[in-house]
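Structure assessment
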Amino acid sequence: MNGMDWVEFIRKTEDKMYHLHRAIDGICNEPDYKESVAALTEVVRDYQVLVEKAKDELRGVDLRRDRENRER
């Protein structure tokens, strides 16, 4: 993926995490949803790992070369 692909991936993933956090906040005090909260929390952690890996990849992208490739 090029730099812009990584930026878009990070943006979309962080948006998903935001919505998951909102869902967790909405049900965290409901005893019937204890397992759901645990599962959603695990999904958020997985997304966070993906975002960190994507950010590491983005740090390694030569943005000047990436821009030159898009202009061709």
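This write-up is about the structure you can find in this document. (Residues numbered from 1 in each chain as written. Predicted model: local features only at pLDDT ≥ 70, side-chain atom pairs only at ≥ 80, totals over all residues. Heavy atoms only, no water.)

Brief notes about the environment of V43
Along the chain, V43 turns up in helix α2 (residues 34–59). Exposure remark for V43: the relative accessible area of 35% places this residue in the partly exposed category. Once the C-alpha coordinates of V43 and M17 are considered, the two residues, 26 residues apart in sequence, prove to be 8.6 Å apart. (Helix = DSSP H or I, 4+ residues; strand = E, 2+ residues; numbered from the N terminus. Buried < 20%, exposed > 50% of the residue type's maximum accessible area, 1.4 Å probe, protein only.)

Overview of the pattern of salt bridges
Tallying each qualifying case throughout the model produces three salt bridges. Among the salt bridges present, the one from E8 reaches R11, with a minimum N-O distance of 2.6 Å. Placement of the pair is E8 and R11 together in helix α1 (residues 3–27), with a separation of three residues, close to one helical turn. On the basis of relative accessibility, which here comes to 33%, the residue E8 falls in the partly exposed class. Among the ionic pairs, E14 bridges to K55, the shortest N-O distance being 3.6 Å. With a gap of 41 residues between them, E14 in helix α1 and K55 in helix α2 connect regions that are remote in the sequence. On the accessibility criterion, E14 (34% relative accessible area) is partly exposed. (Salt bridge = Lys/Arg side-chain N within 4 Å of Asp/Glu carboxyl O.)

A word on the packing of aromatic side chains
Counting across every chain of the model gives one aromatic pair. On the basis of an interplanar angle of 90° and a centroid distance of 6.1 Å, the ring pair of W6 and F9 is categorised as edge-to-face. One end of the pair, W6, and the other, F9, are both in helix α1, three residues apart, so they sit about a helical turn from each other. On the basis of relative accessibility, which here comes to 15%, the residue W6 falls in the buried class. (Phe/Tyr/Trp six-rings, centres within 6.5 Å; stacked < 30°, edge-to-face > 60°.)

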